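Chain by chain, the residues run as shown.
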Amino acid sequence: MQKKLIFLLGLIILMGVPNKEIMAMNQLSPMNAVFGLESNLKQFPGMTETEIAQELKKEGINAVFGGYENKTLRKALHKEGIKIYAEIGLFVGTEHWKSHPESRPITRMGIPMEKEDWYGGVCPNQEWLRQKKLLSIQKLCQENQVDGIWLDFIRYPCHWEGKNPQLTDTCFCPVCLQKFQQQTGIKIPAKLKSTKNKADWILTNHPDDWYNWRCSVITDYVKETRKVIKKVNPKIVVGLFGVPWTASDYDNAIYRIIGQDYRKLAPFVDVFSPMVYHRICYKNPNWIHQVTTEFQIMTGKPVVPIIQACSVPDTLSEGEFIHSLNEARKSPSSGVIIFTLDYALKEKKFTLIKTGL
Ligand SMILES: [Zn+2]
């Protein structure tokens, strides 16, 4: 009898953990954040740090991404009860292709990946970059009193924003091929000499081992960054900006191409933020709520979607912006992040953010 009771109690505690976490997040008021607050105060001409913080509070903003390099602004924001979060881009930037040409991803055709528009992805297995980013994260946490860090570009390369994203199998660089063999025990036949032949062999004979391993590369790195962040201060929230795809999009490209396995990432992430830029992705505003719900079911963690305020690729009307805000805030969402503060200000959407609050 006692054993049965203990078992039941254990079950209740276990099942209660994720729910409690979400409840705690929702009991605090839902996040209402703007992305891209600048430290130089230029977004609010003629205003002091204190006035900016008060203005943000007046508009219902309770969290900002950015602005933390300015100590006075930081203090003013915290005084108004506004949380300060940082975003850090990890495996991205063509500047790395110049300083470390080996970091440019290699496609299954055995050729370096092309730059697409502004975007250039970076191989996620470059040890120098992984260490460098961990150090920057540690420094950022130690020096800026941020309340949270959202990991960005924490994935394999793909310029996913658009109507028909190019889905390229990567990365078949020497570092990746060696690490894959070491960590899975799978041996690529020695007779295969060209990268294309090696890639074809892997994708024909061990596709799931390859895809799972790639996902574990990303998950393990998130685990490492979490350790670094929580060591500085366990209260710092670890967030993740996720590609807003689920298994039904592009034949499970979230797994095959992006390498973000949200179920496996869940234990190491406090808040998930799918980047549901609906116009950029040629979707309706309702899609924002659908993706948010799927993320919540997959992860059991608080989900705060990030939505666009920008008229890209064409006009985003005031009415449609308010509609997308409402979709983003619907349960089980734990709030919303506006991308970006600059666009909201320029397109006169800043004062609309408080609509419905
Ligand atoms: Zn690589």
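Basis of the calculations
Residues numbered from 1 in each chain as written. Predicted model: local features only at pLDDT ≥ 70, side-chain atom pairs only at ≥ 80, totals over all residues. Helix = DSSP H or I, 4+ residues; strand = E, 2+ residues; numbered from the N terminus. Rg over C-alpha atoms; globule rule 2.2 N^0.38 Å. Buried ≥ 20, exposed ≤ 12 C-beta atoms within 10 Å, placed from the backbone. Contact = placed C-beta atoms within 7 Å. Core = buried A, V, L, I, M, F, W, Y, C linked by C-beta atoms within 7 Å. Pairing = 2+ DSSP bridges. Axes fitted to C-alpha atoms, helices over the stretch in contact; angles between N-to-C directions. Left-handed = near helix turned anticlockwise from the far one by under 90°. Nonpolar A, V, L, I, M, F, W, Y, C, P; charged D, E, K, R; others polar. pLDDT = per-residue confidence, 0-100.

K.L.:
I tried to follow the overall build of the chain on my own but got confused; where do I start?
P.N.:
Each helix and strand counted, the chain has 13 helices and eight strands in total. For 357 residues, the compact-globule formula gives about 21 Å, and the C-alpha radius of gyration of the chain, at 22 Å, lands near that figure. Per-residue burial for the chain yields a buried fraction of 39% across its 357 residues. For the chain, restricting intrachain contacts to residue pairs at least 6 apart in sequence, the fraction spanning at least 24 positions comes to 75%.

K.L.:
Any chance you could explain the nonpolar core here in plain terms?
P.N.:
A general tendency of soluble globular proteins is for nonpolar side chains to be buried together. If you look at the biggest cluster of nonpolar residues, it comprises 86 residues, and the most contacted ones within it are A33, V64, I149 and I338. A per-element tally of this core places helix α8 (residues 207-232) first, with seven residues. Filtering out sequence-adjacent residues up to four positions away, I338 remains in contact with A33, V34, F35, I307, A309, A344 and I353.

K.L.:
What is the right way to read the sheet that holds strand β8 (residues 335-339) from this model?
P.N.:
Pairing between the strands of a sheet comes from backbone hydrogen bonds, and it takes one of two forms, parallel or antiparallel. Taking strand neighbours across the sheet as the criterion, the eight strands line up as β6-β5-β4-β3-β2-β1-β8-β7 in an open arrangement whose pairing is parallel. Edge positions in the sheet fall to β6 (271-274) and β7 (306-308), since each has one partner strand and no second. This sheet shows a mean twist of 25° between the axes of neighbouring strands, independent of strand direction. Across three bridges, the pairing between β7 and β8 is parallel. Across the sheet, the residue bridging to I306 is I337, located in β8. Along the sheet, helix α5 (residues 127-144) contacts β3 (83-89) and β4 (148-152); its crossing angle with β3, the most-contacted strand, is approximately 165°.

K.L.:
Just checking my understanding: could you explain the packing of helix α2 (residues 49-58) against helix α3 (residues 71-79) for this structure?
P.N.:
The relative placement of two packed helices comes down to the angle between their axes together with the axis-to-axis distance. Packing of α2 against α3 leaves a shortest axis separation of 8 Å and a crossing angle of 35°. The way α2 lies across α3 gives a crossing that is right-handed. Facing α2, whose interface residues are E49, T50, I52 and A53, α3 presents T72, L73, A76, L77 and K79. Here the contact of α2 with α3 is composed, by residue class, of five nonpolar, two polar and two charged.

K.L.:
Is there a simple way to explain the pairing of strand β5 (residues 237-242) in this structure?
P.N.:
Looking down a regular strand, the side chains alternate between one sheet face and the other. Bridge analysis of β4 against β5 gives four bridges, and the strand direction is parallel. Bridging from a neighbouring strand, G148 pairs with V237 of β5. Sheet topology places β5 next to β6; four bridges connect them, and they run parallel. Note that in β6 the partner of F241 across the bridge is S273.

K.L.:
Explain the confidence of the model for the chain here, please?
P.N.:
Where the model shows low pLDDT, its predicted coordinates should not be examined in detail. Mean pLDDT for the chain: 94, with 92% of residues reaching 70 or above. Taken together, the stretch residues 10-17 has pLDDT below 50 and engages in zero contacts with residues farther than four places along the chain or on a different chain.

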